[in-house]
Amino acid sequence: MKQVFDRPQSLVDVPFHFCPGCHHGIVHRLVGECIDKYGVREEAIGVASVGCSVFLYDYFDADVFEAPHGRGAAVATGVKRARPENFVFTYQGDGDLAAIGTAEIIHAANRGEPITVIFVNNMVFGMTGGQMAPTTMPGQETTTTPFGRDPKTNGFPMKMAELLAGLEGTTFVARAAVNNIKNLMRAKKMLQRAFEAQINDQGFGFVEFLSACPTNWKMTPKQANERVNNEMIPYFPLGIFKGEAN
Amino acid sequence: MGMIEFRFERCKGCGLCVLACPKELLSVGSVTNRAGYPVAQIDSMEECTGCAICAEMCPDVVITVFK
Amino acid sequence: MGAIEAGCRFYFGYPITPQNDIPEYMSRHLPEVGGTFIQAESEIASINMLLGAAATGARAMTSSSSPGISLKQEGISYLCGSQIPGVIVNMCRSGPGLGGISPSQGDYFQATRGGGHGDYRTIVLAPHSVQEAYGLSMKAFDLADKYRNPVVILGDALLGQMKEPLKKYKYRKKEFKKDWIMTGAKGREKRRLKSLYLADGELTDHNWMLYKKYQRMKREIMFETQFMEDARLVTVAFGSVARILKSAVEMAREKGMKVGLFRPITIYPFPYEALDKISQSVHNFMALELNTGQMIEDVKLAVGHKKNQVDFYGRPPGSIPSPDELFQEVKSVYMKRIG
């Protein structure tokens, strides 16, 4: 027998702090697989955001440093301009990227900064206890929408992939999910394409990962996983919005 | 023919592997690890094909697969 | 709760540990009284939403914690420059940067020295219990309207996440003339709200006017003293540290040490004169704070002249001192200075 599945080399061998059933763990592993696949571990510079993914620098065997909440795309711009030969990526949640970081992500994308942005969307502010996020769905109860999100006063969920795909400066923009094996395999390909956009000097790559947050959705991991399929995907369609499939 | 190994100390009993296995060979039992989580287990290793779908779906990289 | 009782009908905020109880409470209870709650896209957006609502005369509030308060500084500077009232709550966490989520008093300078750009000040209230926070929240709105100036309530993670019994009381409504608010110029002369003064000498005059206002704010100085009658060492602390210190001072008194406690409640304006008056008969002071030395500077400004001794116990955040730890520190200073 030979080994057909193992943890990526670039993922540090420590336990993850994420809640049971949280999809961050899966996405972290996919990023590790890509870093291994393209051999960029030594060139990689990661920019960590503020949220449940704040500990990025503990999980990857690469240079990773902290950015203030929401500013990842601007910080990554600074890194890439200073060291264009390095592989620069950010890993941001929906509060970080789509709330406080809206200006930064739009402008980095608009400038076509050749960075790779991994965006994990679980429709809540996770680390701070489950407040409404820009991607919270209408009717969804959160700690700051105790009666359900009302679009009349809180607006509609933001579809970041579509928004960024509309900017001319972007090269590859896609939305993926990791709730079942079929979506996960597609997600891997999308992430690879986003890595390639930078590696082949083409430009800005972005993948949005729809994710479960069992704790703040007040669901079991199984229920949360199903919610991604039954509620999130119909609202946030999977697919490639800019750039060709590989 | 396939075989899987668990790093039980990393398992959080989330059950995503149980959902993922196409032959429904996995379950979350009553054995708990040091962190207090009930851990996943395989009920009949002989039927495992080594497809690795469980390992792919695991958020904690608990499972290694052999074929 | 205090805010809503005092007529606050607008709250704009953003999630950050350890003050999420505030927006979460407001999201549920403000609509009940016909108020508006917005979870804004950032702390910068929320301070600017406050600026907008308050410019129309509404009682508006925002809250955050240290890094988020740093973001709000530009907005607070604008509020002061344009003389627009508002209440800003800071539940301090540890810094600098992302720091940590444990209690800290490391934002004292930021709060009392007008943390943004320009030569401005805000009244800063430092509650040390849930009950006091309730009462000071109501008072904050009155002070903000009275002086047409933002008021900061400085708490910390301990206060922000504690639960204590509360005695509610009715707020006594005060009327404030608001002849400057934006409501639409129908039937009257148009109005402007601005902080930009470019004409020769205009900005100087504007700043002197603001300065005089800040001097008048001294009328609002509040402080609390305990065990002062025969004190030979006066300990000075604010907020949660003062709370812990109360127990430590009691322990010292039980051991026969003549220790007193002085707790500023307004840390801007700081009660310099009250402390100075005490130094006519007491010559040993000790500042205790959860930082590496901020309020001590104000204590020294008040009493740090030749015949007075000002000692210090401070430590960075990361752990909260126990009453016994503070007692040991007070004791060692007492032994050293008084014997």
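Residues numbered from 1 in each chain as written. Chains lettered and ligands numbered in written order. Predicted model: local features only at pLDDT ≥ 70, side-chain atom pairs only at ≥ 80, totals over all residues. Heavy atoms only, no water.

K.L.:
I tried to follow the interface of chain A and chain B on my own but got confused; where do I start?
P.N.:
With 33 residues of chain A at the contact, the number on the chain B side is 25 residues. Both sides of the chain A and chain B interface together cover about 2300 Å² of buried area, and 65% of this is carbon and sulfur. Here chain A is connected to chain B by 4 salt bridges. The interface formed by chain A and chain B holds 9 residue pairs in polar contact (both at pLDDT 80 or more) in total. (Contact = heavy atoms within 4.5 Å. Buried area = accessible area lost by both parts, 1.4 Å probe. Salt bridge = Lys/Arg side-chain N within 4 Å of Asp/Glu carboxyl O. Polar contact = N/O pair within 3.5 Å; in protein donor to acceptor, adjacent residues only side chain to side chain.)

K.L.:
How should I be thinking about the pattern of salt bridges in this particular structure?
P.N.:
Opposite charge on two side chains lets them pair, provided their charged atoms get close. All names here are of chain C. Evaluation of the coordinates by the stated rule reveals 37 salt bridges over all chains. Residue Glu-175 pairs with Lys-173 through a salt bridge whose shortest N-O separation is 3.2 Å. Like Lys-173, Glu-175 is exposed. Linked through salt bridges whose partners overlap, the residues forming this network are Arg-59, Asp-142, Asp-145, Lys-174 and Lys-178. (Buried < 20%, exposed > 50% of the residue type's maximum accessible area, 1.4 Å probe, protein only.)

K.L.:
Any chance you could explain the sheet that holds strand S10 (residues 239–242) of chain A here in plain terms?
P.N.:
What links the strands of a sheet is backbone hydrogen bonding, and the strands pair in either a parallel or an antiparallel sense. All names here are of chain A. Here we have 7 strands laid out as an open sheet, ordered S3-S2-S4-S5-S9-S8-S10, and mixed in their pairing. Strand pairing shows two members of the sheet lacking a second neighbour, strand S3 (63–66) and S10, which therefore form its edges. Each strand axis lies, on average, 20 degrees off the axis of its neighbour in the sheet, ignoring direction. Relative to S10, strand S8 (residues 170–177) is paired through 3 bridges, and the arrangement is antiparallel. By the bridge assignment, Arg-175 is partnered in S10 with Gly-239. This element, helix H8 (residues 181–199), spans strand S4 (87–93), strand S5 (116–121), S8, strand S9 (204–210) and S10 of the sheet and lies at about 160 degrees to S8. In this fold helix H10 (residues 221–235) packs onto S5, S8 and S9, with an angle of close to 130 degrees to the strand it touches most, S9. (Pairing = 2+ DSSP bridges. Helix = DSSP H or I, 4+ residues; strand = E, 2+ residues; numbered from the N terminus. Axes fitted to C-alpha atoms, helices over the stretch in contact; angles between N-to-C directions.)

K.L.:
Hey, could you run me through the layout of surface pockets in this one?
P.N.:
Vacant regions in the atomic arrangement are exposed by a probe of water-molecule size rolled over the atoms. Residues and elements named next belong to chain C. Of the voids in this model, the second largest pocket is the one considered here, and its volume is about 690 Å³. Looking at the second largest pocket, it is lined by 24 residues, and the ones nearest its centre are Met-1, Asp-21, Ile-22, Tyr-25 and Val-130. Those elements giving two or more residues to the lining of the second largest pocket turn out to be helix H1 (2–5), helix H2 (21–29), strand S4 (86–92), helix H6 (130–147) and helix H7 (157–160). Of the residues contributing to the lining of the second largest pocket, the split by class is 16 nonpolar, 5 polar and 3 charged. (1 Å grid on protein atoms, 1.4 Å probe; cavity = no way out; pocket = protein on both sides within 12 Å on 5 of 7 lines; lining within 4 Å. Points joined across faces, edges and corners; volume = space filled by probe spheres on them. Nonpolar A, V, L, I, M, F, W, Y, C, P; charged D, E, K, R; others polar.)

K.L.:
Honestly, the environment of A:Gly166 in this entry has me stumped. Any pointers?
P.N.:
For A:Gly166, the position within the fold is in the loop between helix H7 (160–165) and S8. The spatial distance from the C-alpha of A:Gly166 to the C-alpha of A:Lys242 is 8.3 Å, given a sequence separation of 76 residues.

K.L.:
Sorry, what's going on with the interface of chain C and chain A here?
P.N.:
Interfaces are often described in size by the accessible area the parts lose on coming together. Chain C puts 17 residues into the contact, and the matching count from chain A is 16 residues. Surface buried jointly by chain C and chain A totals about 1400 Å² across both partners, of which 59% is contributed by carbon and sulfur atoms. On the surface where chain C and chain A come into contact, there are 0 salt bridges. Along the contact surface separating chain C from chain A lie 8 residue pairs in polar contact (both at pLDDT 80 or more). In terms of residue class, the side of chain C that touches chain A is built from 8 nonpolar, 5 polar and 4 charged.

K.L.:
In this structure, what is going on with unusual backbone geometry? I would like to understand it.
P.N.:
Trans peptide bonds make up most of the peptide bonds, and negative phi angles are found at most residues other than glycine. Following C:Thr17, the chain continues into C:Pro18 via a peptide bond in cis, with omega recorded as 10 degrees. Considering the arrangement of structural elements, one finds C:Pro18 in the loop between strand S1 (10–13) and H2. Here the amide bond leading from C:Gly95 into C:Pro96 is cis, since omega sits at 0 degrees, within 30 degrees of zero. With respect to the secondary-structure elements, C:Pro96 resides in the loop between S4 and helix H5 (108–112). Not every positive phi belongs to a glycine, and B:Val61 is a case in point at roughly 50 degrees. Here B:Val61 lies in the loop between helix H2 (53–57) and strand S4 (63–66). Residue C:Phe227 is not a glycine yet carries a positive backbone phi of 55 degrees.

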